[in-house]
Amino acid sequence: MRIDVDTAAIAANVRALAARVGVPVCGVVKADGYGHGAVRSATAMLDGGAAMLGVVDLAEAMVLRRAGIDAPVLAWLHGAHTDFGIAAAHEIDVAVSSLAQLEAAAAAGATIHLKLDTGLGRNGIARGDRAASIARAIELARSGARIRGAMSHLAGTSSEADRAQLADFADALEEAAPLELELRHLANSQGALALPAARFDLVRIGMAAYGIDPSGPGAGDGAGAAMLGLSPAMRASVEVVAGVARAGLDDGLLPAVGAPVLVGGSAARVVAVEPRRLRIEPPLTGEAVLWGDPAAGEPSADAWAVAAGTIGYEVVTRMAAATQPGAHGDAPAHLAPRRTLELGLDGEPRRLRGEVVGVKRVEAGLGISYGADYTTPRATTLALVGLGYADGVTRSATGRPVVLGGEAHAIRGRVAMDQVVLDLGEGTASVGDVAALEHASAPELTGMLGPRVSVELAGSVPDADAMEALGERIGAQLRAGDAVLLVGPLGAGKTTLTRGIGRALGARGTVQSPTFVLARTHRTAAGPDLQHVDAYRLLDDADDEAELDDLDLDLEGAITVAEWGAPLEHALESWLRVDIERGTALDDTEDASPRTVRLRGHGPAWRPARVRAIAARDLGEGQEDA
């Protein structure tokens, strides 16, 4: 699949929107710029006159900073372990949605926006907590904290409901008057265009900047965007041979049967979208434009959305899977909520895991998410989970069960780009708790991965032969500079796994436990040496570097496999971690019971696609998922 992005269109769209709304624009580039590429979209938005950039979390903000973008940036969704000191150090504004986040951000010296829930029912300080939070913000500001702004988000339920939110936000601003706020912002693209009174000091422009009508796909012809003077920035195409293309659900395409495509000037329609295959009729050959610029006679992304029963936002955002696979899916917990797709060792999806990023008590009658399709029937507790359709949870997953604390709770309200809401009733949850969408209840979780999602492989290895075979599969993916860290108890099978790695590399000599030599080097037929290390004696303290230097390892030119390898993590930029669990008879090294294995990649050398490549279907009879 080929994705072309016209950055000049993004700049022109922002310029046109800024002229229309008459206030400064925050250009939103979350979820890898809605699938268009975060850095290039951010640059284009700034070229178009955007005064600020908006992202969902600090990981996305740091992508911009590392690319040299020094414009003001605001991040508004934070995990349990977010380090607001990083925001302060890199001059990234943060929006806080709870009193606890306010305290943490102020203590770290970050510049703060108060995010208030005025009726969207997702992220934001609950109405019941508002007075105390604003009062505390005023106290903190008097002590030197920088409280720069206040924000909320329109639900777009109706004009009347939006005006009610506007009035509620205005009331909150009256309470916050002693803060002398610099920025007050409520409106997204749709609100900024439809409700001038909601513009305040700043508007947040997302989808409209990419040339798609934020009001919805309409008839699917792109006419709504054209009436606003917007040009689509994304063009998606594939090569078809006799009506078949090698692209499909695993590349982020939604199942849009009936969607129009254009092949060499001839019209065709989609008849099937499979995991790795797209079929059209009539069976033409050539470049098939799936969506592009209707002004050039091409189908619109909205047409694909109509056929898939969704909106253009989801269609284009999912293309981050094709343009930037795994761009920052390994973001550490102090920068972003964790989002992980867990696959079996055979590569089949098992569950998508995220973390709870907010818990709040709310009143009866509160609408949840866009359009308020669900309204709380009573006073209740809501849990906000940091997963959305940018991460593989399709918008159609509303109502599907999410397992939290051992109980299943249905997704309430529409699935957003990066959030879903669970109504816990009188149940409880804590920020940081793990929530999981099981594949059995969401079969559309094929291989589609947003750039924020990491990949883990997990399953049961039945015996030593299968463990060695798994090592061979890992070894086939290794190259100079790679490090594999094996973690597990005595007799778990770490050396057996390494033996398989050595076999795949053509290692010379017998691969055996390095316990008594600490490090053993094998020449290999593959080229780079295999360094087999026992890292048991390395301590997780300041002496690690010296002890590691004593081993005299070539971490750049060789392949390193370290048993008891966890202490090496601090010394490496990238590594593959393999956790192995066995039964309770730890003194029985001959125990042949199945092992539970989990593989996780860390750092730029181990993007999700590379971890996934280890998966295969040959672990032996009786394999079961863990």
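These lines cover the structure that appears in this document, whether it is placed above or below. (Residues numbered from 1 in each chain as written. Predicted model: local features only at pLDDT ≥ 70, side-chain atom pairs only at ≥ 80, totals over all residues. Heavy atoms only, no water.)

1. A few points about the packing of helix α6 (residues 99–108) against helix α7 (residues 127–142)
In step 1: Viewed as axis vectors pointing N to C, α6 and α7 meet at an angle of 10°, and their least axial separation amounts to 10 Å. If you check the angle between α6 and α7, you find them roughly parallel. Judged by residue contacts, Leu99, Leu102, Glu103 and Ala106 of α6 engage Ser133, Arg136, Ala137 and Leu140 from α7.
In step 2: For the contact of α6 with α7, a count of residues per class yields five nonpolar, one polar and two charged. (Axes fitted to C-alpha atoms, helices over the stretch in contact; angles between N-to-C directions. Helix = DSSP H or I, 4+ residues; strand = E, 2+ residues; numbered from the N terminus. Parallel < 35°, antiparallel > 145°, perpendicular 65-115°, else oblique. Contact = heavy atoms within 4.5 Å. Nonpolar A, V, L, I, M, F, W, Y, C, P; charged D, E, K, R; others polar.)

2. Side note on the sheet that holds strand β5 (residues 92–96)
In step 1: Pairing is parallel in the open sheet, where eight strands are placed in the order β8-β7-β6-β5-β4-β3-β2-β9. A single partner strand is all that each edge strand has here, and the edge strands are β8 (183–185) and β9 (203–205). When strand polarity is set aside, the average angle formed by the axes of neighbouring strands in this sheet is 25°.
In step 2: For strand β3 (residues 52–55) and strand β4 (residues 73–75), the ladder comprises three bridges, and the chain directions are parallel. Each bridged residue has a counterpart across the sheet, and for glycine 54 the counterpart in β4 is leucine 74.
In step 3: Contacts from helix α3 (residues 38–47) reach β2 (25–28), β3 and β9 within the one sheet, and its direction differs from that of β3 by about 150°.
In step 4: Strands in contact with helix α4 (residues 58–66) are β3, β4 and β5; relative to β5, the strand with the most contacts, it is inclined by about 165°. (Pairing = 2+ DSSP bridges.)

3. Let's talk about unusual backbone geometry
In step 1: A cis amide bond links glutamate 281 with the next residue in sequence, proline 282, at an omega value of -5°.
In step 2: With respect to the element layout, proline 282 can be found in the loop between β14 (277–281) and β15 (286–291).
In step 3: With a phi angle near 50°, tyrosine 34 is a residue other than glycine that sits in the positive phi range.
In step 4: With respect to the secondary-structure elements, tyrosine 34 resides in helix α2 (residues 30–34).
In step 5: Relative accessible area serves as the criterion here: at 6%, tyrosine 34 is assigned to the buried category. (Buried < 20%, exposed > 50% of the residue type's maximum accessible area, 1.4 Å probe, protein only.)

4. What to know about the nonpolar core
In step 1: Counting 128 residues, the largest nonpolar core has Leu114, Trp291 and Trp304 as the members making the most contacts within it.
In step 2: The biggest single contributor to this core is helix α1 (residues 7–21), with six residues.
In step 3: Once you skip the residues sitting within four places of it in the chain, leucine 114 turns out to touch Val96, Leu102, Ile134, Ala137, Ile147, Gly149, Ala150, Met151 and Leu179.
In step 4: One finds Ala435, Ala492, Leu497 and Ala615 within the second-largest nonpolar core, a separate group that totals 47 residues. (Core = buried A, V, L, I, M, F, W, Y, C linked by side-chain atoms within 4.5 Å.)

5. Concerning the side chain of arginine 204
In step 1: Take arginine 204: it is sitting in strand β9.
In step 2: Although arginine 204 lies buried, it forms no salt bridge, and the closest oppositely charged side chain, aspartate 418, sits 11 Å away as judged by the N-O distance.
In step 3: Within the structure, arginine 204 has its side chain in polar contact with the side chain of histidine 153 (distance 3.4 Å).
In step 4: With near-sequence residues (within four places) excluded, arginine 204 lies in contact with Cys26, Val28, Trp76, Met151, Ser152, His153, His185, Leu186, Ala187, Asn188 and Ser189. (Lys, Arg positive; Asp, Glu negative; His and termini not counted. Salt bridge = Lys/Arg side-chain N within 4 Å of Asp/Glu carboxyl O. Polar contact = N/O pair within 3.5 Å; in protein donor to acceptor, adjacent residues only side chain to side chain.)

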